[in-house]
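Below, each chain spelled out in residue letters.
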Amino acid sequence: MTAPASELGRALAAAFGPDFVVKHLSTDVVLRHLDPELLQEHFSWRDLNEILSRGRVEPAELKLCTGGRSLPRHEYTVTRAGHRVVDLTRTFSLMRSGASLVIDSLDRIHPAVRAATDDVMRMVGETASCNLFVTFDDSQAFASHFDEVDTFVLQVLGTKSWQVHGPSEEHPLPEYGDSDPARCPETVLFERTLEPGDVIHVPRGWWHTVRGGGESSLHLTFAFTRRTGYDWLRWVAYRALDSTDVRESLARAGTPEEQRAQAERLVTAFVNEAKAVTLRDFFDAERRRSGGRDTASLPWDVLKARPSAGTSVELATVQAPLIELRGEQLVLTAADQEFVLPAAHREACEVLVRARRVGMAELAEQSGASPAAVSALVSALLRARLVTVADGRAEPAEGWRAS
């Protein structure tokens, strides 16, 4: 397990505690409170204004919503120089009339939010993204609904009125992409006007009604998609491809008896594979496939010189790579690839995985390795895209002197 990389990630982990994932994730509405100033350091009106002033937010997605529906893009965008851009005059006019502004996947374009989103992924072990909601007065972006994802809702500025009605009886535990199949329950299990610093966890499939609570509101929603039995079944089916019965062409022109026999062989092959693996095998396989965001570490990505003593190094993968000793070799597995290093680097790798972000000199001190060895290790991990490097100055390739 690696430590959170961002201050907001550390605050969330501390506020919800080590037992949250086991005892409350996806099963309870949980309210916590963070330092409002910390949230505003991560995102504020200034950040939003800077984003809107660009005119385009790709690869994030901006939309305006009102009355439970998304407005057509042509109502608030125009074409300039061959690109579709946000028309701020139209956008603000629609917002004055009650529309709410939503930016989906804000983590793709905002570094601080991206770091916090990655920490949410580490905290819950699932894929996550972050959406921004901006509401004025008592506007309501969406009618009462449930989400097919679990969420952490962080009230950054202003207030928002929340009612959580509980899980859907007609469609519990919805899968990603499921929409509301029935009416909202009348019961209210949780009711509160969220203020800056308030954070709530809302489980997937739980109905909620949300309205603006005053003059203005800005909140972040970290949404994460839980792995389900369906994901495990697909994984087992893929592993079953090792069986010739599974790879055999289906008997489209066969007799009913031949088709039944083939179906029985397929079921047998699947069941045999399913009995041979565990859920832990599935989670380990996911960890092996897990990569990270493709981030740049210039000038170190191009320089021939190795990173210096004043440089900091950080794991680029969201989940910690698997570390295995195979004889005299150390094997790191991430992004569905194996990276082979000398076994002497094991302790330094373990320190890096635990700390996630650490200075080069500190990494050498904690692992007991020489500065030159740590420099060589980080240089190799950087070429493999397993770490990012920042700050510091270039040193000759032979190594560097610890301060």
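Please read these numbers as outputs of a predicted model, since none were measured by experiment. (Residues numbered from 1 in each chain as written. Predicted model: local features only at pLDDT ≥ 70, side-chain atom pairs only at ≥ 80, totals over all residues. Heavy atoms only, no water.)

A. Seen up close, the pairing of strand E6 (residues 100-104). The buried fraction of E6 amounts to five of the five residues, a majority that puts the element mostly inside the structure. Burial of the side chains of E6 extends over both faces: Ser 100, Val 102 and Asp 104 are buried on one face and Leu 101 and Ile 103 on the other. Across three bridges, E6 lies against strand E7 (residues 127-137) in antiparallel orientation. Looking at E7, one finds that Leu 101 is bridged to Val 134. (Buried < 20%, exposed > 50% of the residue type's maximum accessible area, 1.4 Å probe, protein only. Helix = DSSP H or I, 4+ residues; strand = E, 2+ residues; numbered from the N terminus. Pairing = 2+ DSSP bridges.)

B. Quick peek at a negative patch on the surface. Residues Glu 7, Asp 35, Glu 37 and Glu 41 make up a contiguous surface patch of negative charge. Note on Asp 35: relative accessible area 44%, which makes it partly exposed. (Patch = residues over 30% accessible without salt bridge, like charges linked within 9 Å, V, L, I, M, F, W, Y side chains within 5 Å. Areas by Shrake-Rupley, 256 points an atom, 1.4 Å probe, with all protein chains shown as cover. Salt bridge = Lys/Arg side-chain N within 4 Å of Asp/Glu carboxyl O. Lys, Arg positive; Asp, Glu negative; His and termini not counted. Charge placed at Lys NZ, Arg CZ, Asp CG, Glu CD.)

C. A look at unusual backbone geometry. Glu 58 connects to Pro 59 through a cis peptide bond whose omega is 10 degrees. Mapped onto the secondary structure, Pro 59 falls in the loop between helix H4 (45-54) and strand E2 (61-66). Going from Leu 298 to Pro 299, the amide bond is cis rather than trans, its omega being 5 degrees. Structurally, Pro 299 can be placed in the loop between helix H10 (279-289) and strand E12 (312-315). At Arg 385, a position not held by glycine, the phi torsion is positive, near 65 degrees. For Arg 385, the location among the structural elements is in the loop between helix H13 (371-383) and strand E17 (387-390). Under the relative-accessibility criterion, Arg 385 is labelled partly exposed at 40%.

D. Here's a closer look at the packing of helix H1 (residues 7-16) against helix H6 (residues 111-124). At a minimum axis distance of 8 Å, the contact between H1 and H6 shows a crossing angle of 35 degrees. Considering only the axes of H1 and H6, their crossing is right-handed. Between H1 and H6, the contacting residues are Leu 8, Gly 9, Leu 12, Ala 13 and Phe 16 on the first element and Ala 116, Asp 119, Val 120 and Met 123 on the second. Here the residues of the contact of H1 with H6 sort into seven nonpolar, one polar and one charged. (Axes fitted to C-alpha atoms, helices over the stretch in contact; angles between N-to-C directions. Left-handed = near helix turned anticlockwise from the far one by under 90°. Contact = heavy atoms within 4.5 Å. Nonpolar A, V, L, I, M, F, W, Y, C, P; charged D, E, K, R; others polar.)

E. Main features of the state of the cysteines. Taken as a whole and assessed by the stated rule, the structure comprises zero disulfides. Free of any disulfide, Cys 65 has its nearest cysteine sulfur in Cys 130, 16 Å distant. Here Cys 65 falls in the buried class, since its relative accessible area comes to 0%. (Disulfide = S-S within 2.5 Å.)

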